[in-house]
Every structure is written in C-alpha cells, then in structure tokens.
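# Examination of the molecular architecture
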Amino acid sequence: MILSVRGRRVMLDAALARLYGVPTKALNQAVKRHAERFPDDFVFRLTGQERAQVVTDCDRFARLKHSTALPLVFTEHGAMMAAMLLNSPQAASMSVFVVRAFVRMRERLAANAGILQRLAEIDGTLLEHDEALRSMWAKLQPLLQPAPEPPRRRIGFHSRRAST
C-alpha cells in the first residue's frame, strides 16, 4: 500500500481510509476541516500525471483511472495525524500498523542502500583486477608465441668454401 511519489513514501487516501475503517470522503473531509494540521510534507494532492503513473504501476488502483477527483496522499506523519483526528478504535490500532509498515520500508531501503554500496565497491575492485589481468595478458602474449625455428644444419661433410 505504500508508494513512492515525489521521492516520498506515501499512502493513497482510499487505502488509508480502508485501513482506518472510514469512508474516503470522511477522511478527506477531516483533512479539509483541519488543514492547519496537514502541511505539505504530511499530505498533498497528486497531479494528473502522477495519478496515471500510480494506476499504471499498481493494478489495484485501476478505479482511480476514471475518477474525476485527484486523490490525496499521506506521508507517515500525515497518516498518524489522520488517525488522531478520526479518533476511532480501529484508526488508533491501525495507525500502529501503518507506522510499522513505514518503518519496515525504511529499514529495507537502508539495507538496499548498504547492498548497493557494497556492490559498487566490488565493481571497483573487479575493474582494478580486470586492468591488472589485461596487463599480464599483454606481457604473456609474446611468451606464448611459438619460438622461431633455428636454421637447419645440413647433414654431411661440408667445406667452408662450398657453404660460402
């Protein structure tokens, strides 16, 4: 349910409302009534292009394709603020679930960053080794060529005059 939009990890309003057990309209109305509690880094509205990208990336949001309204998306802090505003038992319990999901995603991204860093180090080492192997191959190449055959000596007795 967590998507990446504008470089942030977010949840769509419909997905968050479903988790909190309220209609999407009720969630959006609560956000509208308490707009001062939802700065741009807590919640923002998708553009038409972003909505199309979300629909393309996630089949479960296909019904957004024909929606006239652009959906709101909530960051981790926005999801927590919405849970406090809704003040329902299900919203309170699910807010813990949402925070844990965001934390788990952050941990996985950090682990992936570590793996990517290690792969970059290995790649650099392999490039160094590749260059060293090319250098050794260039030096070994002349040694691997067959030696030229020495001139053949003629069998029998030869006088010096005859050979000159």
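Structural data are supplied above this passage.
Below is a short write-up of the structure. This is a predicted model, so every value here is computed, not measured. (Residues numbered from 1 in each chain as written. Predicted model: local features only at pLDDT ≥ 70, side-chain atom pairs only at ≥ 80, totals over all residues. Heavy atoms only, no water.)

Moving on, we come to the overall build of the protein chain. From N to C terminus, the protein chain includes six helices and four strands. A globule of 164 residues ought to have a C-alpha radius of gyration of about 15 Å, yet the protein chain, at 35 Å, is considerably larger. Expressed along its principal axes, the backbone C-alpha trace of the protein chain runs to roughly 120 × 30 × 25 Å. Out of the 164 residues in the protein chain, the part that is buried amounts to 29%. About 12,300 Å² of surface is accessible on the protein chain, with carbon and sulfur atoms providing 58% of the total. Here the protein chain contributes 25 positively and 15 negatively charged side chains, and the mean placements of these two sets differ by 6 Å. (Helix = DSSP H or I, 4+ residues; strand = E, 2+ residues; numbered from the N terminus. Rg over C-alpha atoms; globule rule 2.2 N^0.38 Å. Buried < 20%, exposed > 50% of the residue type's maximum accessible area, 1.4 Å probe, protein only. Areas by Shrake-Rupley, 256 points an atom, 1.4 Å probe, with all protein chains shown as cover. Lys, Arg positive; Asp, Glu negative; His and termini not counted. Charge placed at Lys NZ, Arg CZ, Asp CG, Glu CD.)

This next bit is on helix α2 (residues 24-33). Because an α-helix packs 3.6 residues into every turn, residues spaced three or four apart end up facing the same way. Taken residue by residue, α2 has Leu27, Ala30 and Val31 as its buried positions. Mapping the buried residues of α2 onto a view down its axis gives an arc of 100 degrees, with all of them on the same face. Along α2, exposed side chains directed more than 90 degrees from the buried face belong to Lys25, Lys32 and Arg33. Lining the buried residues of α2 we find α1 (13-20), β3 (43-45), β4 (72-74) and α4 (76-86). (Arc of directions from axis to C-beta. Contact = heavy atoms within 4.5 Å.)

Let's shift gears to the pairing of strand β2 (residues 8-12). With four bridges connecting them, strand β1 (residues 2-5) and β2 associate as antiparallel partners. Residue pairing for β2: Leu3 is matched across the bridge by Val10. Taken together, β1 and the strand that follows it, β2, pair antiparallel across an intervening segment of two residues, in which Arg6 is found at a positive phi of about 55 degrees. Direction of pairing for β2 relative to β4: antiparallel, over a ladder of two bridges. Across the sheet, residue Leu12 finds its bridge partner in β4, namely Val73. (Pairing = 2+ DSSP bridges.)

This brings us to the packing of aromatic side chains. How two aromatic rings sit relative to each other is set out by the distance from centre to centre and by the angle between their planes. By the definition in use, this model includes one aromatic pair. On the basis of an interplanar angle of 80 degrees and a centroid distance of 6.3 Å, the ring pair of Phe38 and Phe74 is categorised as edge-to-face. With Phe38 in the loop between α2 and β3 and Phe74 in strand β4, this residue pair connects regions lying 36 residues apart in the sequence. Of the residues examined, Phe38 reaches a relative accessible area of 7% and is grouped as buried. In this structure Phe74 comes out as buried when scored by relative accessible area, which is 0%. (Phe/Tyr/Trp six-rings, centres within 6.5 Å; stacked < 30°, edge-to-face > 60°.)

Note that all results are geometric; they support no functional claim without further evidence.
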